[in-house]
Amino acid sequence: MPDAPAQTLLEALLDSWDRNNTILINLLRAIPQDGLEVKGTKDSPSIAQLFTHIHYVRLIFVAEDAPEFAVAVPDEEWVAERDRDRIAQMLVESAQAVRDAVKSKVETGREMNLHYDHPILFLQHMIWHEGYHHGQIKLALKLAGCPLSDDEAGPISWDVWMNKQ
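Reference entry: report on the structure contained in this document. Computed from a predicted structure; not experimentally measured.

Definitions and cut-offs
Residues numbered from 1 in each chain as written. Predicted model: local features only at pLDDT ≥ 70, side-chain atom pairs only at ≥ 80, totals over all residues. Heavy atoms only, no water. Helix = DSSP H or I, 4+ residues; strand = E, 2+ residues; numbered from the N terminus. Buried < 20%, exposed > 50% of the residue type's maximum accessible area, 1.4 Å probe, protein only. Expected span 1.5 Å × (residues − 1). Axes fitted to C-alpha atoms, helices over the stretch in contact; angles between N-to-C directions. Parallel < 35°, antiparallel > 145°, perpendicular 65-115°, else oblique. Contact = heavy atoms within 4.5 Å. Nonpolar A, V, L, I, M, F, W, Y, C, P; charged D, E, K, R; others polar. Patch = residues over 30% accessible without salt bridge, like charges linked within 9 Å, V, L, I, M, F, W, Y side chains within 5 Å. Areas by Shrake-Rupley, 256 points an atom, 1.4 Å probe, with all protein chains shown as cover. Salt bridge = Lys/Arg side-chain N within 4 Å of Asp/Glu carboxyl O. Left-handed = near helix turned anticlockwise from the far one by under 90°. Phe/Tyr/Trp six-rings, centres within 6.5 Å; stacked < 30°, edge-to-face > 60°. Core = buried A, V, L, I, M, F, W, Y, C linked by side-chain atoms within 4.5 Å.

1. Let's talk about the overall build of the protein chain
Link 1 in the chain: From N to C terminus, the protein chain includes 6 helices and 0 strands.
Link 2 in the chain: Across the protein chain, helices and strands are ordered from the amino to the carboxyl terminus as α-α-α-α-α-α.
Link 3 in the chain: Oriented by its inertia axes, the alpha-carbon framework of the protein chain measures out at about 50 × 40 × 25 Å.
Link 4 in the chain: For the protein chain, buried positions account for 40% of its 165 residues.

Structural data, given as structure tokens:
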């Protein structure tokens, strides 16, 4: 473990957020060519819509709880975006907004404006929310007959969480 003064708790928590976003983008990149249109059921959102929903949720909570870090929130939540690079860029931008909001709120001791007793609870909610949808995406792929094998999924997800830097 790094020297305690050099590796603060906040830095470790923000690193977990960065890793979470890396895993999400890795999952996006691992989806088969036509996989963004896949749905778990006929009434479910598509995989593309799940990714854009994640982006939207990040931004709406930043706008409500740390408006000083808000960036433009998309007009629609469940967009069937087909451009992977565009989705990845959206996820990078919204992840940065969440990171900046949490970092500032913790460092300055300021409360979240509307939700959450502490900024770290916001971060944890986002990670939990995104893990939930990560599972939905993998299940939708499996139901569509194009599952990600453990050999494919491990290096892009679990290894990102577990490997020391």
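2. Looking at helix α3 (residues 84–108)
For an α-helix the count is 3.6 residues per turn, leaving residues at separations of three or four pointing the same way.
Link 1 in the chain: Counted at 1.5 Å a residue, the expected span for α3 with its 25 residues is 36 Å, and the 36 Å between its end C-alpha atoms agrees.
Link 2 in the chain: Looking one or two places after α3, you find Gly 109, whose phi comes out positive at around 70 degrees.

3. Considerations on the packing of helix α2 (residues 47–65) against helix α4 (residues 119–143)
Link 1 in the chain: Relative to each other, α2 and α4 sit at 175 degrees, their axes nearing to 10 Å. Looking at the two axes, α2 sits roughly antiparallel to α4. Contacts between α2 and α4 involve Ile 47, Leu 50, Phe 51, His 53, Ile 54, Val 57, Arg 58, Phe 61 and Val 62 from the former and Phe 122, His 125, Met 126, His 129, Glu 130, His 133, Gln 136, Ile 137, Ala 140 and Leu 141 from the latter.
Link 2 in the chain: A per-class count over the contact of α2 with α4 returns 12 nonpolar, 5 polar and 2 charged.

4. Some thoughts on a nonpolar patch on the surface
Link 1 in the chain: On the surface, Trp 158, Trp 161 and Met 162 cluster together into a nonpolar patch covering about 380 Å² of accessible area.
Link 2 in the chain: Mapping Met 162 onto the fold places it in helix α6 (residues 158–162).

5. Description of the packing of helix α1 (residues 9–30) against α2
For any two helices packed against each other, the geometry comes down to the angle between their axes and how far apart the axes lie.
Link 1 in the chain: Contact geometry of α1 with α2 gives a least axis separation of 12 Å together with a crossing angle of 155 degrees. As summarised for this structure, α1 and α2 are arranged roughly antiparallel, according to the angle between their axes. Of the two possible hands of crossing, α1 and α2 adopt the one that is left-handed. On α2, the residues touching Trp 17, Asn 20, Asn 21, Leu 24, Leu 27 and Leu 28 of α1 are Phe 51, Ile 54 and Arg 58.

6. Examining the packing of aromatic side chains
In this description, an aromatic ring pair is defined by two values, namely the gap between the centres and the angle between the planes.
Link 1 in the chain: Across all of its chains, the model carries 4 aromatic pairs by this definition.
Link 2 in the chain: Both rings, one in Phe 61 and one in Tyr 116, keep their centres 5.9 Å apart while their planes meet at 55 degrees; by these two values the pair is tilted. Taken together, the residues span a long stretch of sequence, with Phe 61 in helix α2 and Tyr 116 in the loop between α3 and α4 at a distance of 55 residues.
Link 3 in the chain: Look at Tyr 116 and you get partly exposed, because its relative accessible area is 21%.
Link 4 in the chain: Joined through ring pairs, the aromatic side chains of Phe 61, Tyr 116 and Phe 122 make up one cluster.

7. Focus: the nonpolar core
Link 1 in the chain: Ranked by size, the top nonpolar core spans 19 residues in total, and within it Ile 31, Leu 36, Ile 47, Phe 51, Leu 91 and Ile 137 carry the most contacts.
Link 2 in the chain: Within the residue set of this core, elements represented by two or more residues are α1, α2, α3 and α4.
Link 3 in the chain: Take this core: its biggest share by element is 5 residues, from α2.
Link 4 in the chain: Setting aside its immediate chain neighbours within four residues, Ile 31 contacts Leu 36, Ile 47, Phe 51, Arg 84, Ile 137 and Leu 141.
Link 5 in the chain: In this structure, Trp 17, Met 112, Ile 120 and Leu 123 belong to the second largest nonpolar core, which totals 17 residues.

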